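Here are the chains, one letter per residue:
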Amino acid sequence: MMLWLRSALFLTFSFVSILVFAVFALLVCWAPQAFLWKIVVNYCRLALWAGDFFCGMKVVVEGKENLPDEPSVIMIKHTTTLETYGHVPMFPRTAWVLKREIIWMPVFGWVIGLLFRPIAIRRSARSAAVKQVIQQGKEKLRQGVWVTIFPEGTRMPPGETRRYGISGAALAHDANVPIVPVAHNAGDVWPRLSFVKRPGTVRFVIGPPISAQGRQPRETNLVVQDWIESKMREISVAYGAPPAGGRDA
């Protein structure tokens with residue numbers, strides 16, 4: 001009962017705060033992009049604080065020393081909503097690759113389009129979508145903006161994965177930039193499609209940069225996926241890892 005109540009309070013706070021954030025962002029949409037990005041980062045930090053305060057979801061970051069100096073492609077495990085905003089304060093300014101229907105959503109989607117300046121693709125376009133990610137992604141990287149891709153394309157059930165989409169590896173190959181793999185165990189405390197959020201430590205592990213040169217993008221995908229899934233087996237209870245400190249995560 002207490003977990004349900006805490007989760008309800010977290011959901012209520014999240015709804016109200018994101019509404020306030022969205023309205024404020026629309027009112028100051030004329031401001032410089034650097035200022036707008038600070039709004040994004042501060043909101044994401046607020047959301048992480050709320051997850052800890054209401055539900056006991058503590059987030060720690062490991063491997064920040066692995067971040068390259070140059071803008072890169074981030075490929076991150078996708079299991080919950082938490083990682084979509086949780087990774088933002090950990091990296092320099094980034095642009096998401098997402099399905100274009102998201103930015104059509106009233107208010108919330110408009111703000112994502114305005115502040116994140118994402119690469120909004122039509123998934124059903126397949127090869128055209130890959131070309132779009134490469135073209136727009138290279139421009140983002142030239143502007144000093146990192147590109148974040150959730151290569152599984154959808155939130156995966158605990159302990160599962162699927163073949164990675166090719167666009168992230170193809171972009172890194174064509175732009176001659178590294179891929180930064182990120183694994184996390186957010187699904188242990190925020191189960192997919194679950195209302196209840198559980199207390200525990202969420203570990204975001206940033207891996208060593210992976211070169212996309214010297215091999216085909218599909219081969220690079222396998223290297224990235226192998227690193228992420230291997231790390232998931234180390235840190236995630238859903239993958240069979242022991243609970244941290246003997247407690248359920």
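Residues numbered from 1 in each chain as written. Predicted model: local features only at pLDDT ≥ 70, side-chain atom pairs only at ≥ 80, totals over all residues. Heavy atoms only, no water.

Below, the discussion takes up the environment of Gln-135. Structurally, Gln-135 is set in helix H5 (residues 127-142). Sequence-wise, Gln-135 and Leu-46 are 89 residues apart; in three dimensions their C-alpha atoms are separated by 33 Å. (Helix = DSSP H or I, 4+ residues; strand = E, 2+ residues; numbered from the N terminus.)

Attention shifts here to the packing of aromatic side chains. Under the defined criterion, the tally for this structure stands at eleven aromatic pairs. Plain terms: the ring middles of Phe-53 and Phe-54 are 5.1 Å apart, the flat faces sit at 90 degrees to each other, and that makes the pair edge-to-face. Residue Phe-53 is classed as exposed on the basis of its relative accessible area of 52%. Residue class for Phe-54 comes out buried when judged on its relative accessible area of 16%. Between Trp-96 and Phe-116 the ring centres are 4.0 Å apart and the planes differ by 20 degrees, which places this aromatic pair in the stacked class. (Phe/Tyr/Trp six-rings, centres within 6.5 Å; stacked < 30°, edge-to-face > 60°. Buried < 20%, exposed > 50% of the residue type's maximum accessible area, 1.4 Å probe, protein only.)

The terminal C-alpha atoms of helix H1 (residues 2-27), which comprises 26 residues, lie 38 Å apart, in line with the 38 Å expected from a rise of 1.5 Å per residue. Among the residues of H1, those classed as buried are Ser-7, Ala-8, Phe-10, Ser-14, Ser-17, Phe-21, Ala-22 and Ala-25. Next to the buried residues of H1 lie helix H2 (33-55), strand S1 (57-62), helix H3 (82-86) and helix H4 (108-116). (Expected span 1.5 Å × (residues − 1). Contact = heavy atoms within 4.5 Å.)

We now examine a positive patch on the surface. Taken together, the side chains of Lys-99, Arg-123, Arg-155, Arg-162 and Arg-192 make up a positively charged region of the molecular surface. On the secondary structure map, Arg-162 appears in the loop between strand S5 (146-149) and helix H6 (167-175). (Patch = residues over 30% accessible without salt bridge, like charges linked within 9 Å, V, L, I, M, F, W, Y side chains within 5 Å. Areas by Shrake-Rupley, 256 points an atom, 1.4 Å probe, with all protein chains shown as cover. Salt bridge = Lys/Arg side-chain N within 4 Å of Asp/Glu carboxyl O. Lys, Arg positive; Asp, Glu negative; His and termini not counted. Charge placed at Lys NZ, Arg CZ, Asp CG, Glu CD.)

Moving on to the packing of H2 against H4. Running from amino to carboxyl end, H2 crosses H4 at an angle of 130 degrees, the nearest separation of the two axes being 9 Å. If you check the angle between H2 and H4, you find them oblique. Contact residues: H2 offers Gln-33, Leu-36, Trp-37 and Val-40, while H4 offers Leu-114, Leu-115 and Phe-116. Here the residues of the contact of H2 with H4 are counted per class, giving six nonpolar, one polar and no charged. (Axes fitted to C-alpha atoms, helices over the stretch in contact; angles between N-to-C directions. Parallel < 35°, antiparallel > 145°, perpendicular 65-115°, else oblique. Nonpolar A, V, L, I, M, F, W, Y, C, P; charged D, E, K, R; others polar.)

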